[in-house]
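If you want the building blocks of each chain, they are given just below.
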Amino acid sequence: MAFSRLLPAAPALAAAMWPVLPTVLLGTVCLFLMIGLGIVFPDLGTGYTAAGIVAVTVAAAYGSHVRLKRERTLFQVRLVADAAQQVVLSPMPRRFGDVEVESLYLAAAAEARIGGDFYEVADTQYGVRLLIGDVRGKGLPAVGAAAAMVNSFREAAYGEADLGCVARRMEASSTRYSAAFPPEDLMERFATALLVEIPHEGSHIGILNCGHPPPLLLGRGGLRVLEPTAPSPLLNLAALIGDHYSTDTFGFTPGDLLLLYTDGVTEARNHSGELFPLADWMRRQTPARPRRLLDALHRDLLRYSRGGLDDDIAALAIRLREPPEAFDGQRDESA
């Protein structure tokens, strides 16, 4: 009797994992099994249990159909998200001459895989140029604005000799996008951005900061926070606060490690509500390979926030390769 009362549960459980046809077949098997048990044990109440199996099987088949339909819809949404990710965050080489670049991206929106943070790297005649930025908001609604700015950078980085001109091109692209797809509030569509230029020859870098968190430079002399002398306007707000862009120059020697990041890194909180101490964390690191630094940052951020990130996170680690040792050159000449 106890076994017969469990038979209606079988198709209900199958609907959570199986397609419609196997669920119906299992319900049919349970129905015939119940009829066989009723023949052997007439006092089991076969009629009521058989009716329950039929009702549960029909409901389970419909539930399996709905589940499969939702899974197909979710799969299509993920394909769209992956396509959007390829537009905004296209795969990039890990090395541009002597410059090593690695990236990290974590979307706060579960299953979205992409949000309002963006980055790009271009190897141009003026040097290796990098972009990292953050559109206000997160998830798929911010992807369109980020894509407009990234695509503008990809074109302007190769044709404009000055970083200020690149920023103006991005500002114009952001303004056109906002005009075509107007937000409810202009303040809902601004973006912070950081432009970096690493010349092919030389020991310095140029940085243009449009309201973005300042990068960190870790070298033999310790950690430096590369604050701008005159902050440039945020993207899509130049019409309100002016379009004066200022580029600062900082020393950048072989072996130095430069970290670009979005505010999602510094705003990650622990269970007590304290912000992630990025500068103190960076001081404890050693100038190593960029991939190793970002892997450690990823691990420690998830550990610090216990996996509960409230904002998208993007980071770029850049390192200028050290020249070969002198004795290596002498050995090559002798050979």
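On a predicted model such as this, the values are computed, not experimentally measured, just so you know.

**Student:** Describe a nonpolar patch on the surface, with residues and values.
**Tutor:** The grouping of Phe32, Ile35, Ile39, Val40 and Phe41 at the surface amounts to a nonpolar patch, some 550 Å² of accessible area in total. Structurally, Phe41 can be placed in the loop between helix H3 (20-40) and helix H4 (46-88).

**Student:** Talk me through the packing of aromatic side chains; I want residue IDs and the actual numbers.
**Tutor:** Across all of its chains, the model carries three aromatic pairs by this definition. Ring geometry for Phe276 against Tyr304: centres 5.3 Å apart, planes inclined by 80°, an arrangement best described as edge-to-face. Note that Phe276 is positioned in the loop between helix H8 (263-266) and helix H9 (278-283) and Tyr304 in helix H10 (residues 290-305), a separation of 28 residues in sequence. Since its relative accessible area comes to 7%, Phe276 is described here as buried.

**Student:** Describe in detail the pattern of salt bridges, supporting the description with residues and values.
**Tutor:** Enumeration over the complete set of coordinates arrives at 14 salt bridges. The partner of Glu102 in a salt bridge is Arg94, with the nearest N and O atoms 3.6 Å apart. Glu102 sits in the buried class, given a relative accessible area of 10%. Ionic pairing is found between Asp300 and Arg299, a salt bridge with its closest N-O pair at 3.7 Å. Overlapping salt bridges bring together Arg95, Glu100, Arg289, Arg319 and Arg321 as one network.

**Student:** I'd like a rundown of the environment of Tyr158, residues and numbers included.
**Tutor:** Structurally, Tyr158 is set in helix H5 (residues 143-159). Owing to a relative accessible area of 44%, Tyr158 belongs among the partly exposed residues under this scheme. As for Tyr158 and Gln125, which are separated by 33 residues in sequence, their C-alpha atoms are 7.1 Å apart. In this structure, Tyr158 is in contact with Ala122, Asp123, Thr124, Gln125 and Tyr126, ignoring residues within four places of it in sequence.

**Student:** Residues and numbers for unusual backbone geometry, please.
**Tutor:** Of note, Asn236 is a non-glycine position whose phi angle comes to about 80°, a positive value. Relative to the elements of secondary structure, Asn236 occurs in the loop between strand S8 (222-225) and helix H7 (238-241). In this structure Asn236 comes out as buried when scored by relative accessible area, which is 7%.

**Student:** Report on the side chain of Ser152, specifying residues and quantitative values.
**Tutor:** The residue Ser152 is located in helix H5 in this model. From its side chain, Ser152 meets the backbone nitrogen of Met170 in a polar contact 3.5 Å long. Setting aside residues no more than four positions away along its own chain, Ser152 makes contact with Arg169, Met170 and Ser173.

**Student:** Would you mind going over the environment of Asp312 in detail, with residue names and values included?
**Tutor:** With respect to the helices and strands, the residue Asp312 is situated in the loop between H10 and strand S11 (313-320). Among the residues examined, Asp312 registers a relative accessible area of 0% and is labelled buried.

**Student:** Provide a residue-level description of the side chain of Asp300, including the pertinent values.
**Tutor:** Looking at where Asp300 falls in the secondary structure, it is placed in helix H10. When its relative accessible area of 16% is taken as the criterion, Asp300 is described as buried.

**Student:** Explain the sheet that holds strand S7 (residues 216-219) to me, and be specific about the residues and the numbers.
**Tutor:** Pairing is antiparallel across the open sheet formed by six strands, whose spatial order is S1-S2-S11-S10-S7-S8. A single partner strand is all that each edge strand has here, and the edge strands are strand S1 (95-96) and S8. Pairing analysis gives eight bridges linking strand S2 (residues 99-106) to S11, with the strands arranged antiparallel. Within S11, the position partnered with Val101 by the bridge is Ile318. Along the sheet face, H10 touches S2, strand S10 (257-261) and S11 and points at about 20° away from the line of S2.

Criteria and cut-off values
- Residues numbered from 1 in each chain as written.
- Predicted model: local features only at pLDDT ≥ 70, side-chain atom pairs only at ≥ 80, totals over all residues.
- Heavy atoms only, no water.
- Patch = residues over 30% accessible without salt bridge, like charges linked within 9 Å, V, L, I, M, F, W, Y side chains within 5 Å.
- Areas by Shrake-Rupley, 256 points an atom, 1.4 Å probe, with all protein chains shown as cover.
- Salt bridge = Lys/Arg side-chain N within 4 Å of Asp/Glu carboxyl O.
- Helix = DSSP H or I, 4+ residues; strand = E, 2+ residues; numbered from the N terminus.
- Phe/Tyr/Trp six-rings, centres within 6.5 Å; stacked < 30°, edge-to-face > 60°.
- Buried < 20%, exposed > 50% of the residue type's maximum accessible area, 1.4 Å probe, protein only.
- Contact = heavy atoms within 4.5 Å.
- Polar contact = N/O pair within 3.5 Å; in protein donor to acceptor, adjacent residues only side chain to side chain.
- Pairing = 2+ DSSP bridges.
- Axes fitted to C-alpha atoms, helices over the stretch in contact; angles between N-to-C directions.

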